[in-house]
Amino acid sequence: DQQVKQNSPSLSVQEGRISILNCDYTNSMFDYFLWYKKYPAEGPTFLISISSIKDKNEDGRFTVFLNKSAKHLSLHIVPSQPGDSAVYFCAASKYNFNKFYFGSGTKLNVKP
Amino acid sequence: SAVISQKPSRDICQRGTSLTIQCQVDSQVTMMFWYRQQPGQSLTLIATANQGSEATYESGFVIDKFPISRPNLTFSTLTVSNMSPEDSSIYLCSVVPGAGELFFGEGSRLTVL
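Residues numbered from 1 in each chain as written. Chains lettered and ligands numbered in written order. Predicted model: local features only at pLDDT ≥ 70, side-chain atom pairs only at ≥ 80, totals over all residues. Heavy atoms only, no water.

1. Here we look at the pairing of strand β7 (residues 68–72) of chain B
Part 1: Sheet topology places β7 of chain B next to strand β8 (residues 75–80) of chain B; three bridges connect them, and they run antiparallel. Counterpart to S69 of chain B in the pairing with β8 of chain B is T77 of chain B. (Pairing = 2+ DSSP bridges. Helix = DSSP H or I, 4+ residues; strand = E, 2+ residues; numbered from the N terminus.)

2. Thoughts on the sheet that holds β7 of chain B
Residues and elements named next belong to chain B.
Part 1: Across the sheet, which stays open at both edges, the four strands sit in the order β1-β3-β8-β7 with antiparallel pairing between neighbours. Strand pairing shows two members of the sheet lacking a second neighbour, β1 (4–7) and β7, which therefore form its edges. Adjacent strand axes in the sheet meet at a mean angle of 15°, parallel and antiparallel pairs treated alike.
Part 2: Pairing analysis gives six bridges linking strand β3 (residues 19–25) to β8, with the strands arranged antiparallel. Looking across to β8, one finds that C23 is bridged to S76. (Axes fitted to C-alpha atoms, helices over the stretch in contact; angles between N-to-C directions.)

3. Some points on the interface of chain A and chain B
Part 1: Each side of the interface is counted separately: chain A has 19 residues, and chain B has 22 residues.
Part 2: In total, about 1600 Å² of surface goes out of reach between chain A and chain B, with carbon and sulfur atoms giving 60% of it.
Part 3: Of all residues in chain A, the largest losses of buried area upon contact with chain B belong to P44, F100 and F102 of chain A, amounting jointly to 29% of the total for that side.
Part 4: On the surface where chain A and chain B come into contact, there are one salt bridge.
Part 5: Ranked by the residues each element gives to the side of chain A that touches chain B, the list is headed by strand β4 (residues 32–38) of chain A, at four residues.
Part 6: Of the residues belonging to the side of chain A that touches chain B, the class tally is ten nonpolar, six polar and three charged. (Contact = heavy atoms within 4.5 Å. Buried area = accessible area lost by both parts, 1.4 Å probe. Salt bridge = Lys/Arg side-chain N within 4 Å of Asp/Glu carboxyl O. Nonpolar A, V, L, I, M, F, W, Y, C, P; charged D, E, K, R; others polar.)

4. Topic: the packing of aromatic side chains
To describe a pair of aromatic rings, one takes the distance between the centres and the angle between the planes.
Part 1: Summed over the entire model, instances satisfying the criterion amount to 15 aromatic pairs over all chains.
Part 2: Relative to F33 of chain B, the ring of F100 of chain A has its centre 6.2 Å away and its plane inclined at 80°; by these criteria the two rings are edge-to-face. Taken together, the residues span two chains, with F100 of chain A in strand β10 (residues 100–102) and F33 of chain B in strand β4 (residues 31–37).
Part 3: Residue classification places F33 of chain B among the buried residues on the basis of a relative accessible area of 0%. (Phe/Tyr/Trp six-rings, centres within 6.5 Å; stacked < 30°, edge-to-face > 60°. Buried < 20%, exposed > 50% of the residue type's maximum accessible area, 1.4 Å probe, protein only.)

Right under this line is the structure:
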């Protein structure tokens, strides 16, 4: 039973344009949501997070939006750069942080 | 944040052997987790390593196959026992040092022949 889902296995975007990565979850008890970026042969790197009491969090080129009623979050990258090409995972947790649930990942390719 | 060092970074092993992966953190942490990423798959939690007590395993993972040690708040080991080609994966150590973000080590890429 996958509680966090990323339905798009891949996304291709032109450099300078916006990348939008989507994530859905099923458990309404989740309080905290995170996005990670992973290059091949490296561990996942934390990008940005959002608490369930917010609907938006921004950090430089990265913005995460949370729609609790739809159980949906998205990561916007503006402008996209070739170095952003990686696999992006969304994750969710309750506030006790004793378990994190991951989506299956979306491979982003930013074309020069 | 936290700096997490894993050893080995990669290894090629023969079927039926065992390999122990070490994870060292630069600060004391309560929560330490071991994940696996099989080729083309997501991150799957194997177990939570508890200091001073037995690890808590997720469904589908058992202590005999994946014994874990957690002797103190900065160190843990994961052993992959009696390996088969299906165990070929990246094994990742991760911690929650404080405010909720989960930080990962670089991973240990295991290939079983």
